[in-house]
Amino acid sequence: DEGVAGYTNLAGITAKATKSTVGEMTDLFATGHGIYKDFYGNLSDMEFGEMFSAGIAQSVKQFKTTGSGMAQAISALGGTATAAKVPMEEQLSVLGMLQATMSGSEAGTKYTAFLNQAAKAGKELGLNFTDATGQLKSMPEVLGAIKGKFGDVLTASDKLELQKAFGTVEAVKLIDLLYSKTDDLQGNIVTLYDTMGQGMNITEEMANKINAPPGQSW
């Protein structure tokens, strides 16, 4: 009972901070707990909830999206990236950056297409997208490997080769959108990681700013 109350409180503050509804955020927190909590087994439920709230709030601030957009993106992605051992800060960064040009659900769909075929595509391209343990390398590392093969700019023929390797145009669209932004992606991952380690600070700061005008807090 205490956990449900605590998560409802976190969801309410996050909803205010991200201009979404309490209903959307309680759904997202339930979904997020199911997807990510096992990955962070060393954290208590409330510690995880605070970290998750910080990640969502910082994503909205950093990528000029909304809580609703991030909820759609995470829902569309599901557990695909977590199953591939991709940390949450990297998932949120990829989903957030993609939302500069598409909806949250589209971002989740394209990311899923990429992850499902990445290991196979790497072999077909003669590139190694996995580490010594067989886990997928980080997105900046994968993009760096592709850039090492094709150069700084992807030509139409390069994209056709990538599409053949990945077997889907959705994955190629993701690569194309992030291809010239590898440094930005790495920086966003680091910023999110740092913010998520600070608990509710960013969420409360954003919520308080929205609440500041007279009457808003009601």
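Just above sits the structure.
Residues numbered from 1 in each chain as written. Predicted model: local features only at pLDDT ≥ 70, side-chain atom pairs only at ≥ 80, totals over all residues. Heavy atoms only, no water.

S.K.: Let's hear about the environment of Lys159: which residues, and what values?
M.R.: Inspection of the secondary structure puts Lys159 in helix H9 (residues 156–166). By relative accessible area, which is 28% here, Lys159 ends up partly exposed. Separated by 79 residues in the primary sequence, Lys159 and Thr80 have C-alpha atoms spaced 24 Å apart. Among all residues touching Lys159, those that are not within four sequence positions of it are Leu154, Val172 and Asp176. (Helix = DSSP H or I, 4+ residues; strand = E, 2+ residues; numbered from the N terminus. Buried < 20%, exposed > 50% of the residue type's maximum accessible area, 1.4 Å probe, protein only. Contact = heavy atoms within 4.5 Å.)

S.K.: With reference to specific residues and values, describe the packing of aromatic side chains.
M.R.: Scanning all chains against the criterion turns up 7 aromatic pairs. Consider the rings of Phe29 and Phe52, whose centres lie 5.2 Å apart with planes at 85°: the pair is edge-to-face. Of the two residues, Phe29 is situated in helix H2 (residues 22–36) and Phe52 in helix H3 (residues 45–63); the sequence distance between them amounts to 23 residues. Taken individually, Phe29 and Phe52 each receive the classification buried, so the pair is uniform in this respect. Summarising the aromatic geometry, the rings of Tyr40 and Phe48 are spaced 6.3 Å apart at their centres and angled 35° between planes, so their arrangement reads as tilted. Judged by relative accessible area, which is 0%, Phe48 ranks as buried. Through a chain of ring-to-ring contacts, the aromatic side chains of Tyr7, Phe29, Tyr36, Phe39, Tyr40, Phe48 and Phe52 assemble into a single cluster. (Phe/Tyr/Trp six-rings, centres within 6.5 Å; stacked < 30°, edge-to-face > 60°.)

S.K.: Quick one: what's the story with the pattern of salt bridges, residue by residue and with numbers?
M.R.: Considering all chains together, one arrives at 4 salt bridges under this definition. Salt-bridge contacts for Lys120 lead to Glu124; the nearest nitrogen and oxygen are separated by 3.3 Å. Taken as a pair, Lys120 and Glu124 lie in helix H7 (residues 104–125) at a separation of 4 residues, close to a single helical turn. In this structure, Lys159 and Asp176 form a salt bridge, with 3.2 Å as the shortest nitrogen-oxygen distance. With Lys159 in helix H9 and Asp176 in helix H10 (residues 169–178), this residue pair connects regions lying 17 residues apart in the sequence. Exposure remark for Asp176: the relative accessible area of 36% places this residue in the partly exposed category. (Salt bridge = Lys/Arg side-chain N within 4 Å of Asp/Glu carboxyl O.)

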